[in-house]
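For reference, the chains in residue letters:
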Amino acid sequence: TPPLLFSSKVHFPRTSRHLPQAIIIGVRKCGTRALLEMLFLHPQIQKAAGEVHFFDRDDNYVKGLEWYRRKMPYSFRGQITIEKSPSYFVTPEVPERIRAMNASVKLLLIVREPVTRAISDYTQLRTHAATASTMTNGTPRSVLLQQQQQQLQQQQQAARSFEELVIRPDGSINESYRPVAISLYHTYMHRWLEVFSREQILIVNGDQLIEDPVPQLRRIENFLGLEPRIGRHNFYFNHTKGFYCLRNETSEKCLKESKGRRHPRVNPIVVTKLRRFFNEHNQRFYELVGEDLGWPE
Ligand code: A3P
């Protein structure tokens, strides 16, 4: 039998499905999966399997909160249910919709240094384009067509280098290229702060979560009102993977291969140019959230 902690849990008596009290809203490629898996080491946390995409996809949202609740795992009273859907952060309708569900929900936003995030995003798009999905069963035709168009666009872009996609022929930064646009955190953040109080949102440092996860997790335990239970004993560094892997009393687990990909080498001049471009935007983000994340200028 598979180890209990890392398999979908058995439905114990006196457990039921609850709407999430905390949501990881993004940002894509900043370690959203790692964060959820690490939090799941805590005995008081239950996680939704996969990404639910309830608030950002209209075809899911119209199914209502009961549909959403049924996507949640079984939990004991007092446990906290968490789900993560990274596209929540960038989708305009989402903050208001989450508030309509629960105005006192706790939100976790994990961010990384924006240039690294953009390169990670590019790397993922390139991989996905190369292995365009062939699983079409049960998908509506309109969605399929949309997906095919996206894939075609991705394939065309995949052949191109990061530098080509990010720097326009006139030398300026292509701000409308998705991997760049999503790294402009302040342009999305202000919407969240119009709807939620600052205290309801915890900013998690994704670069530090990679380097040294325990201190970040301690902050989150505190934010969620949980006893500190996740510690050094829950991690070991895997030199082959180059990342920390997770461990509990019964099993060990690394994140899958798609997490912790090798990034292409990017021309250092382009990196410097991007850092300079993001500097002003980073300052705007720091001001909005009242925290300096210390990203290089
Ligand atoms: P890369 O694959 O570009 O390195 P997300 O889950 O939001 O898509 O984020 C993926 C990123 O999580 C990875 O990006 C990786 O850097 C980061 N990450 C953080 N902690 C990790 C861990 N312990 N194992 C693997 N990847 C981790």
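What you see is a predicted model, and the numbers here were worked out from it, not measured in a lab. (Residues numbered from 1 in each chain as written. Predicted model: local features only at pLDDT ≥ 70, side-chain atom pairs only at ≥ 80, totals over all residues. Heavy atoms only, no water.)

Trainee: Would you explain the pattern of salt bridges in this entry?
Mentor: Side chains bearing opposite charge may pair, as long as their charged atoms lie close to each other. One pass over the full model with this rule turns up 17 salt bridges. With a closest N to O distance of 2.5 Å, R28 and D121 form a salt bridge. Taken together, the residues span a long stretch of sequence, with R28 in the loop between β2 (22–26) and α1 (32–39) and D121 in helix α5 (residues 114–130) at a distance of 93 residues. We note a salt bridge from R112 to D207, for which the minimum N-O separation is 3.1 Å. Taken together, the positions of R112 in the loop between β6 (106–111) and α5 and D207 in helix α10 (residues 206–211) put the pair 95 residues apart, joining distant regions of the chain. One network of salt bridges, with partners in common, ties together R33, E37, K47 and K253. (Salt bridge = Lys/Arg side-chain N within 4 Å of Asp/Glu carboxyl O. Helix = DSSP H or I, 4+ residues; strand = E, 2+ residues; numbered from the N terminus.)

Trainee: What am I meant to see in the nonpolar core here?
Mentor: One broad trend across soluble globular proteins is that nonpolar side chains are buried collectively. Grouped together as the largest cluster of nonpolar side chains are 62 residues, with contacts concentrated most on I98 and F285. In contact with F285, not counting residues within four places along its chain, are L109, V111, Y185, H186, M189, I203, L293 and W295. (Core = buried A, V, L, I, M, F, W, Y, C linked by side-chain atoms within 4.5 Å. Buried < 20%, exposed > 50% of the residue type's maximum accessible area, 1.4 Å probe, protein only. Contact = heavy atoms within 4.5 Å.)

Trainee: What should I look at first to understand the confidence of the model for the chain in this one?
Mentor: Parts of the model with low pLDDT should not have their predicted coordinates read in detail. On average, the chain scores 93 in pLDDT, and the residues at 70 or more come to 92%. Looking at the elements of the chain, mean pLDDT is at its lowest for helix α6 (residues 141–158), recorded as 72, and at its highest for β6, recorded as 99. In the model output, the complex is listed with pTM 0.91 alongside ipTM 0.99. (pLDDT = per-residue confidence, 0-100.)

Trainee: When you look at the side chain of T81 in this model, what are you seeing that I'm missing?
Mentor: Within the secondary structure, T81 is located in strand β5 (residues 80–84). You can call T81 buried: its relative accessible area is 0%. Once residues lying within four places of it in the same chain are set aside, the contact partners of T81 are H18, L19, P20, Q21, A22, Q46, M72, P73 and S75.

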